[in-house]
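Residue strings, one per chain:
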Amino acid sequence: MFTFEVLLWMIKTIFPDYDIQWVGPESRKVLERELDFQQEALNSEKAAKNSQGNDDYYFPKVYWKSTTNKILTTEFIHGCKITNQKAIKEYGFEPKQAIKKLTQLMGEQLFVHGFLHGDPHPGNVFIRPNPKNKSKLQVVLLDHGLYKELSEEFREKYCAIYWAAATRKNNKVIEKYCMELGISPHNTDLFVTMILMRPPQEFIRKHFGVEWYQMHQVIGNLESINKFGTFAELTKEMPKEMLIILRNANILRSINHELGAPINRCAVLARESLKGLTIQNRNSSIITSLKNKIGFWFIIIRMDLTYKFAKLYLKIMHLFGYIPNQFSVEGYIAADWSDRPY
């Protein structure tokens, strides 16, 4: 930690505009929690309790008699890594099923329970046939040392921001809750870009004068990056909870990309944010609640159709030579949809 903190100090000294020393104390807290194996066991059991009743997910049993703060003993799990497509297919499943289930689990942890696994990399996510029903896929989540517990206030506001951002429904909602989280209005676009991992289409048209599929023409220009706002300023403003949330989101995006982007990650997460919003709006009248749900599901359907048509459009554009070969359209199509603007 001392070496890490010295490096942060050097970055601040050499690049005064990029003061990220605040990362030091946060990293120290995370490291201390990760090295306490009793806390890891408690995290595992709490996550399992939150998902109780849904056997699509499994959390290895903890053997408390053989567990201390320096030794963790759990049930041994047979399965394959989520990125092992060959093994998943040998089980009789498709990679799309695996990444969709994992993304749903992460969305549920984030938006519904407010208790999020911070390190769901492929080595920590096993896929296996459900022991109770071999025809069903089961996601086994390992390594529960890094979790972030979110306050109810933050969870509710983040649900509202994510839903509004993913569905393009209400920019005023985004600005309102971003301000309540301490994010300046001029950094809202950048914040939305960070949480969705794609810039808003209107933002690209306004600042770059191109469509999203033409971004490769300008993204290499370093000056263009300044138009996304001040990253260093935003990292100071945004709640510290975002460190783990963004880490989790980037790992999910990476797994989806490695599997060929079979799912629209933003749409899957938007559904889970809708569940989180439903929790906080459960006192609404039945008619209002039903009306909102119908409207929400129409938006989700539109997002899925947009995703499918966009992939088809890119293939056609490439076929007729409107998108250059050096752009690697195949790789772009395979990339996670949430890398791209909406």
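From a predicted model like this one, the values you see are computed outputs, not experimental measurements.

A.B. asks: Kindly report on the sheet that holds strand E1 (residues 57–58), identifying the contributing residues and their values.
C.D. replies: As a general point, the strands of a sheet are linked pairwise by backbone hydrogen bonds and lie either parallel or antiparallel. Across the sheet, four strands lie side by side as E1-E5-E4-E2; this open sheet has mixed pairing. Of all strands in the sheet, those with a lone pairing partner are E1 and strand E2 (80–81), marking the two edges. As paired strands, E2 and strand E4 (residues 125–130) are joined by two bridges and run antiparallel to one another. Its bridge partner lying in E4, Cys80 is registered against Ile127. Sitting on the sheet, helix H5 (residues 95–113) is in contact with E1, E4 and strand E5 (133–141), with an inclination near 50° to E5.

A.B. asks: Let's hear about the side chain of Asn248: which residues, and what values?
C.D. replies: Summarising the element assignment, Asn248 is placed in helix H12 (residues 242–258). Not counting the four nearest positions on each side in its chain, Asn248 is found in contact with Met106, Leu116, His117 and Pro120.

A.B. asks: Just give me the short version of the pairing of E5, but keep the residues and values in it.
C.D. replies: Examined bridge by bridge, E1 and E5 share two bridges and lie parallel to one another. The partner of Tyr58 across the bridge, within E5, is Val140. By the bridge criterion, six bridges tie E4 to E5 in an arrangement that is antiparallel. When the bridges of E5 are listed, Asn130 appears paired with Asn133. Counted along the chain from E4 to the antiparallel partner E5, the turn is two residues long.

A.B. asks: So, the pattern of salt bridges: which residues are in play, and what are the values?
C.D. replies: Across all of its chains, the model carries ten salt bridges by this definition. With its nearest N and O atoms 2.4 Å apart, the salt bridge here joins Lys46 to Glu149. With Lys46 in helix H3 (residues 37–50) and Glu149 in strand E6 (residues 147–149), the pair connects residues that are 103 residues apart, well separated along the chain. One salt bridge in this structure joins Glu153 and Lys157, with 2.8 Å as the shortest N-O distance. You can see Glu153 and its partner Lys157 sitting in helix H6 (residues 152–167), four residues apart, about one turn around the helix. Among the residues examined, Lys157 registers a relative accessible area of 11% and is labelled buried. When salt bridges that share partners are traced, they join Asp55, Asp56, Lys101 and Lys136 into one network.

The rules behind the values
- Residues numbered from 1 in each chain as written.
- Predicted model: local features only at pLDDT ≥ 70, side-chain atom pairs only at ≥ 80, totals over all residues.
- Heavy atoms only, no water.
- Pairing = 2+ DSSP bridges.
- Helix = DSSP H or I, 4+ residues; strand = E, 2+ residues; numbered from the N terminus.
- Contact = heavy atoms within 4.5 Å.
- Axes fitted to C-alpha atoms, helices over the stretch in contact; angles between N-to-C directions.
- Salt bridge = Lys/Arg side-chain N within 4 Å of Asp/Glu carboxyl O.
- Buried < 20%, exposed > 50% of the residue type's maximum accessible area, 1.4 Å probe, protein only.

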